[in-house]
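# Structural overview
If you want the building blocks of each chain, they are given just below.
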Amino acid sequence: MSSLVSRRSFLTGLSLLGVSAVAACAQLPNQSLDLAGSPDALPADKPAPVEVAATAPAKPDYVSMYQAVEEDGYKLPAIPFAKVNEKFLRQIVDDPTGEKPGTIVINTVDKFLYLVLKNGKAMRYGVGLGRQGYSWKGRAIVQWKRKWPTWTPPSAMIARDPKLEKWRQGMPPGVSNPLGSRALYIFQGGVDTLYRIHGSPDWNSIGKSASSGCVRMFNQDVMDLYDRVPSKTPLLVL
């Protein structure tokens, strides 16, 4: 399959969707969660429009996009973007999904996350997918967002790897935290799916499959996505 998935392939994927097993990326953190878009969160039936320019620049400024970031006492290193396949770098593309503007679409086959814009465009981000990232498909919403989240491994994960016992109550935020600089918590029908979109300290995992985790992004990319999506943003995983 080509890197740019056709509208037809997305629609075919929709017709095949069913309810799958619940993912187990991470439990809810033991820290207060912010509603996505707070304090200006909108009702569930009125998601805010995405205010993003839908015209792609002649050449993305990857130096600025992936430069080192210092925030809240945490220092994220720059992403060596020259070592990354360019298709996995953040860029505006023609929308292949056919979804409404403001929708997040995750293509688990080609490892892309699309934020649908207006005028037939979409912001495309490369993602890495862990085992849990493949275990759930369907429609849901971004219920919560968190800056510099704690990571709380599920009990089943601790049982498989006893070394994680020390993090049963949560691993503190930081540049080595598996959830990275941001996490988006996905709910369906008011129930936590345990599916997460999050940053990753391992930039080299983007565009690849991994043994664990949900949907990984470059830390700089998940920070960008975090700032663009409001409460109740609809999400589709194919």
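Residues numbered from 1 in each chain as written. Predicted model: local features only at pLDDT ≥ 70, side-chain atom pairs only at ≥ 80, totals over all residues. Heavy atoms only, no water.

Per an unreviewed UniProt entry, the chain is named Lipoprotein-anchoring transpeptidase ErfK/SrfK, and its organism is Phyllobacterium myrsinacearum. Listed under Pathway (unreviewed entry) in UniProt, the entry text for the chain is "Cell wall biogenesis; peptidoglycan biosynthesis." (UniProt positions renumbered as here; feature names shortened; annotations may be inferred.)

### With respect to the overall build of the chain
Counting its regular elements, the chain contains five helices and 13 strands. In the chain, buried positions account for 49% of the 238 residues. Contacts in the chain between residues far apart in sequence, at least 24 positions, make up 73% of those at least 6 positions apart. Accessible surface, the chain: about 11,100 Å² in total, of which carbon and sulfur atoms supply 55%. (Helix = DSSP H or I, 4+ residues; strand = E, 2+ residues; numbered from the N terminus. Buried < 20%, exposed > 50% of the residue type's maximum accessible area, 1.4 Å probe, protein only. Contact = heavy atoms within 4.5 Å. Areas by Shrake-Rupley, 256 points an atom, 1.4 Å probe, with all protein chains shown as cover.)

### Side note on unusual backbone geometry
Note: most residues except glycine have negative phi, and most peptide bonds are trans. Phi is positive for K111, which is not a glycine, with a value near 65°. By relative accessible area, K111 is classed as buried at 12%. Positive phi is not limited to glycine here, since N119 has a value of about 60°. Mapped onto the fold, N119 is located in the loop between β6 (112-116) and β7 (121-126).

### Examining the environment of T150
Within the secondary structure layout, T150 lies in the loop between β9 (138-147) and α4 (155-160). Here the alpha-carbon distance between T150 and G180, two residues 30 residues apart in the chain, equals 9.0 Å.

### Brief notes about the environment of E165
Position of E165 relative to the elements: it lies in the loop between α4 and β10 (182-188). A C-alpha to C-alpha distance of 8.6 Å links E165 and P153, two positions 12 residues apart in sequence.

### Looking at the packing of aromatic side chains
In the structure shown here, the tally under the stated rule is eight aromatic pairs. Arranged with centres 6.0 Å apart and planes meeting at 70°, the rings of F112 and Y114 form a pair that is edge-to-face. The burial state of F112 is the same as that of Y114; both residues are buried. For the pair W144 and F187, a centre-to-centre distance of 6.3 Å together with 70° between the ring planes defines the contact as edge-to-face. (Phe/Tyr/Trp six-rings, centres within 6.5 Å; stacked < 30°, edge-to-face > 60°.)

### Some details on the nonpolar core
By size, the foremost hydrophobic cluster in this structure holds 28 residues, and its most contacted members are I104, I106, L113, I197 and L225. Here this core takes four residues from helix α5 (residues 219-228), the largest share from any one element. Contacts of I104, omitting those with residues within four sequence positions, involve L113, Y114, L115, V142, I197, L225, V229, T233, P234, L235 and L236. By size, the runner-up hydrophobic cluster in this structure holds 16 residues, among which are Y66, I79, F218 and L238. (Core = buried A, V, L, I, M, F, W, Y, C linked by side-chain atoms within 4.5 Å.)

### A short note on the side chain of T193
When you line up the elements, T193 lands in strand β11 (residues 191-200). Separated by 3.0 Å, the side chain of T193 and the backbone nitrogen of Y195 make a polar contact. (Polar contact = N/O pair within 3.5 Å; in protein donor to acceptor, adjacent residues only side chain to side chain.)

### A short note on the environment of G190
Looking at where G190 falls in the secondary structure, it is placed in the loop between β10 and β11. G190 gets classed as exposed once you look at its relative accessible area, which sits at 62%. Sequence separation of G190 and I141 is 49 residues, and the distance between their C-alpha atoms is 9.1 Å.

### A few points about α5
Counted residue by residue, α5 has eight buried out of 10 residues, so it is predominantly covered. All buried positions along α5 are accounted for by N219, Q220, D221, V222, M223, D224, L225 and Y226.

### Some words on the confidence of the model for the chain
Mean pLDDT over the chain: 81, with 73% of residues reaching 70 or higher. pLDDT under 50 marks residues 1-24. Its contacts with residues more than four places away, or in other chains, come to 57 contacts. Contacts of residues 34-44 to residues separated by more than four positions or lying in other chains number 25 contacts, the stretch itself having pLDDT below 50. (pLDDT = per-residue confidence, 0-100.)

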